[in-house]
Amino acid sequence: MESLVRAEQWHGRRVFLTGHTGFKGSWLALWLTRMGADVTGFSLPAPAEPSLFEQARVGELVTHIEGDVRDFAAVEAAMTQARPEIVFHLAAQPLVRLSYDKPVETFATNVQGTVHVLDACRRVPDLRAVVCVTSDKCYENREWVWPYRESDPMGGHDPYSSSKGAAELIISAYRSSFFRDGPLVASVRAGNVIGGGDWSTDRLIPDIIRALLADRAPFIRSPSSVRPWQHVLEALGGYLLIAQHLLRGDQWAAGAWNFGPADEDARPVHWIADRLVAEWGGRAWESAELVQPHEAKTLRLDCSKARSELGWRPAMTLHQALAKVVAWHRDVSEGADARAVCLTQLNEFRAAASSGDTGNPTWN
C-alpha cells in the first residue's frame, strides 16, 4: 500500500482550500504550493495577530479570496471561479471555550458552513474529491480510557464538539444523497495538532509560547487533561494521502478517518508543559483551580484503520514534535524568515518519512 504523499500527483492540480488563513490551513497551503498545486484559498482574514498566514506570506502563493463560509453565494461564486479538482474544507470556529461564548456563530460556521461548501461542490463539473476536516472531539465522549474508532457515535457536550459531530452527519448525508456517482467525499479527524506559527488564543501550546517569549511563567488551566498530541504535518500528511486515493477513484477511501499519534503520545497537559519549558529553558509553569466551562478530560483516537488500510504511521515522536515547535518559534523570534523555516521543517519531515529514518519505530 502506498504510504507517502507524492509531489508529482499534486503538480498542476486545481485545489480549493477553505480556511487557508488559519494555522492548519496555512501549513497545508505551503505544502500544496510547494508540490506545484494551483491553490485557491477562501477564508475570513487571519484570526490572530501575529498569524502564520501573514508571517509566511501565504497570500503570495495562492489565489486569496476573502469570504465567509456562512455566505452560500460567496462560497459558490468562489468555487465556480476556481473550478477545483479537489476541495479541502478546513474553515471552522475551532475553539471549545469560545463556543460557549458564541454558540450561534459556532453552529452557523461549523454546521451550516459545511452544508454550504458541500452544496456548492454539487455544481462543480470537474470536481473529483472532497476532504472535510472535522475534529477528534466529534465523538460522544464517555470519559473512558479506550480510544475512539471511526464507527463510534457522534456527540458533544459543548457547542464546538456537538457542531463537529453534526458536521460529520451532514458529510455522511451528502455523500449518500448527492455524491453516489462522484465526487468522492471523505472526512478526517485529527488529534490536537501542534506546530510552529500557531498563535491561536486560549490554546495550550500558543499560550505557553507567548509566555516564554515574554519571559513569564506559563499559566496552565487543566494540567491533568489527556489529549492525542501530534505535529501539524502528521495530520496534513494523512489528509493529503486520503486525497490522493480519492483522486485515483478509490471508493473505499470515501469515508471517515482518524489520524492521531502513537498511543504513548496521548499525554496529559502537565507533561507537555514540563517538556516545552525544559526545551525552551524558561520559567516553570503555574496553575490554579478555576471555575471554567466543561471540557473533556480524556480523549484518545484509534488509528488502526489508517494504519491497516493506508499504511499510514506517525513519522515523529511527541518529543520531536515539541522540539520542532520550539525551534520554529526560537528561529523566527531571532529574525529568521517564517516561510523559509516552515519549508525547511516540511522538507525535513518529508525526507525522514521517505527514508524511514524518523526516530519512530512505528513508521512504515
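Residues numbered from 1 in each chain as written. Predicted model: local features only at pLDDT ≥ 70, side-chain atom pairs only at ≥ 80, totals over all residues. Heavy atoms only, no water.

(A) The packing of aromatic side chains, seen in detail. Per the stated rule, a full pass over the model turns up nine aromatic pairs. Relative to Phe-179, the ring of Tyr-174 has its centre 6.3 Å away and its plane inclined at 35°; by these criteria the two rings are tilted. Phe-179 carries the same exposure label as Tyr-174, and that label is buried. Seen from their ring centres, Trp-252 and Trp-257 are 6.2 Å apart, and the 70° between their planes marks the pair as edge-to-face. Through successive ring pairs, a cluster of aromatic residues spans Tyr-174, Phe-178 and Phe-179. Looking at Lys-305, its charged tip hangs above the ring of Trp-257, at a distance of 4.2 Å from the centre. Geometry around Trp-280 places Arg-330 over its ring, the cationic atom sitting 4.5 Å from the centre. (Phe/Tyr/Trp six-rings, centres within 6.5 Å; stacked < 30°, edge-to-face > 60°. Buried < 20%, exposed > 50% of the residue type's maximum accessible area, 1.4 Å probe, protein only. Lys NZ or Arg CZ within 6 Å of the ring centre and 35° of its normal.)

(B) Structural context of the sheet that holds strand β2 (residues 38-43). Taken in spatial order, the seven strands make up an open sheet running β3-β2-β1-β4-β5-β6-β10, and their pairing is parallel. Unpaired on one side and paired on the other, β3 (63-66) and β10 (256-259) mark the two borders of the sheet. Each neighbouring strand pair of the sheet contributes to a mean axis angle of 20°, computed without reference to strand direction. Here strand β6 (residues 184-190) pairs with β10 via four bridges, running parallel. Directly across from Val-188, in β10, lies its bridge partner Trp-257. Along the sheet face, helix α8 (residues 232-247) touches β4 (86-89), β5 (129-133), β6 and β10 and points at about 155° away from the line of β5. (Pairing = 2+ DSSP bridges. Helix = DSSP H or I, 4+ residues; strand = E, 2+ residues; numbered from the N terminus. Axes fitted to C-alpha atoms, helices over the stretch in contact; angles between N-to-C directions. Contact = heavy atoms within 4.5 Å.)

(C) How the structure looks around the packing of helix α7 (residues 204-213) against helix α11 (residues 318-333). The interhelical angle for the contact between α7 and α11, taken along N-to-C directions, is 45°, at an axis separation of 12 Å. On the basis of their axis angle, the class for α7 and α11 is oblique. α11 is crossed by α7, and the crossing has right-handed handedness. Counted together, Ile-205, Ile-209 and Leu-213 of α7 and Leu-322, Val-325, His-329 and Ser-333 of α11 form the full contact between these two elements. Across the contact of α7 with α11, the residue classes tally to five nonpolar, two polar and no charged. (Parallel < 35°, antiparallel > 145°, perpendicular 65-115°, else oblique. Left-handed = near helix turned anticlockwise from the far one by under 90°. Nonpolar A, V, L, I, M, F, W, Y, C, P; charged D, E, K, R; others polar.)

(D) Layout of the sheet that holds strand β11 (residues 266-268). Taken in spatial order, the three strands line up as β7-β9-β11 in an open sheet, and their pairing is mixed. Each edge of the open sheet carries a strand with a single partner, namely β7 (192-194) and β11. Each neighbouring strand pair of the sheet contributes to a mean axis angle of 50°, computed without reference to strand direction. By the bridge criterion, three bridges tie strand β9 (residues 226-231) to β11 in an arrangement that is antiparallel. Paired with Pro-228 across the bridge in β11 is Ala-266. Of the strands in this sheet, β9 and β11 touch helix α9 (residues 269-280), which is tilted by about 85° from β11. The sheet contacts of α11 involve β7, β9 and β11, and relative to β7 the element is tilted by about 45°.

(E) Looking closely at the side chain of Ser-135. The residue Ser-135 is located in the loop between β5 and α6 (159-178) in this model. At a separation of 3.2 Å, a polar atom in the side chain of Ser-135 contacts the side chain of Asp-136. A polar atom in the side chain of Ser-135 sits 3.0 Å from the backbone nitrogen of Lys-137. In this view, Ser-135 contacts Tyr-160, Lys-164, Val-188, Arg-189 and Ala-190; residues no more than four positions away in its chain are not counted. (Polar contact = N/O pair within 3.5 Å; in protein donor to acceptor, adjacent residues only side chain to side chain.)

(F) Region of the structure containing helix α1 (residues 23-34). A rise of 1.5 Å per residue sets the reference length of α1, with its 12 residues, at 16 Å; its end C-alpha atoms lie 17 Å apart and thus fit the reference within 8%. Of all 12 residues in α1, 11 are buried; the element is thus mostly enclosed. Listed in full, the buried residues belonging to α1 are Phe-23, Lys-24, Gly-25, Ser-26, Trp-27, Leu-28, Ala-29, Leu-30, Trp-31, Leu-32 and Thr-33. (Expected span 1.5 Å × (residues − 1).)

(G) View of the nonpolar core. Residues Trp-10, Leu-32 and Phe-88 are the most contacted members of the largest nonpolar core, which totals 86 residues. Among the elements that line this core, the one with the most residues is α8, at 11 residues. Here Leu-32 is in contact with Trp-10, Val-15, Ala-37, Val-39, Phe-88 and Leu-240, once residues within four sequence places are set aside. Residues Phe-16, Val-117, Val-124 and Leu-127 belong to the second largest nonpolar core, which totals 25 residues. (Core = buried A, V, L, I, M, F, W, Y, C linked by side-chain atoms within 4.5 Å.)

(H) Fine view of the pairing of β2. Burial runs high along β2: five of the six residues are buried. Each parallel crossover has a hand, and the one from strand β1 (residues 14-18) via α1 to β2 is right-handed. Relative to β3, β2 is paired through four bridges, and the arrangement is parallel. Directly across from Thr-40, in β3, lies its bridge partner Thr-63. (Right-handed = clockwise from strand over helix to strand, strands pointing away.)

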